[in-house]
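Okay, here's what each chain looks like letter by letter:
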Amino acid sequence: MDLQTRRVYDFFCQRGFLPADKASYGVFKAHEECSMFQEMSATIIVSWSFAYNGLYKLIQGYLCSVYFYEGKPVYFALHRPQKDPECPLDRIIDILYDLSMEAGLSFLQIKFIEDRSVKDYQNIPGYDIKIESFESDNEYVYRISDLTDLSGRDNYKKRSRLKKFLSRDDIALVPITRGNIHLCLEIENRWCQGKDCTYCASFSGCEKNAMEIMADIFDEHIYYGLIGFYGGAASGYVICEKRNSGLSCMYFGKSTVSDFFMYLIYRLAEGYLADCEYMNMNEDMGNLGLRAFKRELSACELWQKNICTLQNRSR
């Protein structure tokens, strides 16, 4: 964090904002249902907090968080109250804008806004408002029925990649527990060997560090995961959560065996997630390899994340 950004960070700390770390998990968990985005989930916010230097504060029923990611403008995220708020959105924007100006920022930026809420931001009076979105921010969302479908030309690549695992008898799948989640960290460590850390972390930070936080907050009543044993060795894992009856999120996953990760997703979908409609696998961050994998995995929807930048007309 550069000196100017540190000054802004310290300003918000002085105004009562608290670190968005694993100690704040319960606060974010209580407010996450207002968004369908994985990026706004308590799990993602808390496990990646080290990379974004997040702070938060409850203001008039809104959970307001501010993030300081290196190389990007300081931005806010809003978790709106579950019930109709007594305080209108306009007032919260005014409060955050005034704080931003006091901190020395040039504008107020809000991420990540669903399409259904864009009009709420477009209609805020007194501001010049820019709404934009970027392809690399889109979240990949799959119907469970599509993930488990292996028929037809469209699923040829998936069918071919899964075929080598479906007939093997030396594969075992074990649910993740507090007692064995350390195996996931061991898989992460093996996956990291030989990787370019600078390149890998340049997209959003070190996933191994984020997984260490995930291991600390893992609750078997909230999360479900599988560890895959291939040839007797722990070779891959996936961790997901059913947010509600219609939506699940896959938060973490890795494999040290080619295509085994896809196999674990398939088994997760046909088993634990069979009664769910969608699985959200988050964005591709502009990583071409990750983009190719997510687009070949199955037919999918891209949920657009909008960014709102506001500049007060009177200033």
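Residues numbered from 1 in each chain as written. Predicted model: local features only at pLDDT ≥ 70, side-chain atom pairs only at ≥ 80, totals over all residues. Heavy atoms only, no water.

A. Expanded view of the side chain of Asn312. Note that Asn312 resides in strand E14 (residues 306-312). Exposure remark for Asn312: the relative accessible area of 14% places this residue in the buried category. Residues contacting Asn312, with those up to four places away along its chain left out, are Tyr97, Gly126 and Tyr127. (Helix = DSSP H or I, 4+ residues; strand = E, 2+ residues; numbered from the N terminus. Buried < 20%, exposed > 50% of the residue type's maximum accessible area, 1.4 Å probe, protein only. Contact = heavy atoms within 4.5 Å.)

B. Examining the packing of helix H8 (residues 156-166) against helix H12 (residues 260-270) more closely. Across the interface, H8 lies against H12 with an axial gap of 9 Å and an inter-helix angle of 85°. By the criterion of interaxial angle, the relationship of H8 to H12 is roughly perpendicular. Listed contacts from H12 to Lys158, Arg161, Leu162, Phe165 and Leu166 of H8 are Phe260, Met262, Tyr263, Tyr266 and Arg267. Residue classes in the contact of H8 with H12 are distributed as seven nonpolar, no polar and three charged. (Axes fitted to C-alpha atoms, helices over the stretch in contact; angles between N-to-C directions. Parallel < 35°, antiparallel > 145°, perpendicular 65-115°, else oblique. Nonpolar A, V, L, I, M, F, W, Y, C, P; charged D, E, K, R; others polar.)

C. Structural context of the pairing of strand E4 (residues 75-79). Burial analysis of E4 places five of its five residues in the buried class, the great majority of the element. Across the two faces of E4 the burial is the same, with Tyr75, Ala77 and His79 and Phe76 and Leu78 all buried.

D. Up close: the packing of aromatic side chains. A complete count under the given rule lists 21 aromatic pairs for this structure. With 5.2 Å between their ring centres and 70° between their planes, Tyr9 and Phe68 make a pair best called edge-to-face. Residue Tyr9 is found in helix H1 (residues 3-14), and its partner Phe68 is found in the loop between strand E3 (62-67) and E4; the two are separated by 59 residues along the sequence. Accessibility classification places Tyr9 together with Phe68 in one group, the buried group. An angle of 50° between the planes, with centres 5.4 Å apart, marks the rings of Phe165 and Phe260 as tilted. Here Phe165, found in helix H8, pairs with Phe260, found in helix H12; they are 95 residues apart in sequence, far enough to count as distant. For the pair shown, Phe165 and Phe260 are each scored as buried. Clustering of aromatic rings is evident, with ring pairs tying together Tyr9, Phe11, Phe12, Phe17, Phe68 and Phe76. (Phe/Tyr/Trp six-rings, centres within 6.5 Å; stacked < 30°, edge-to-face > 60°.)

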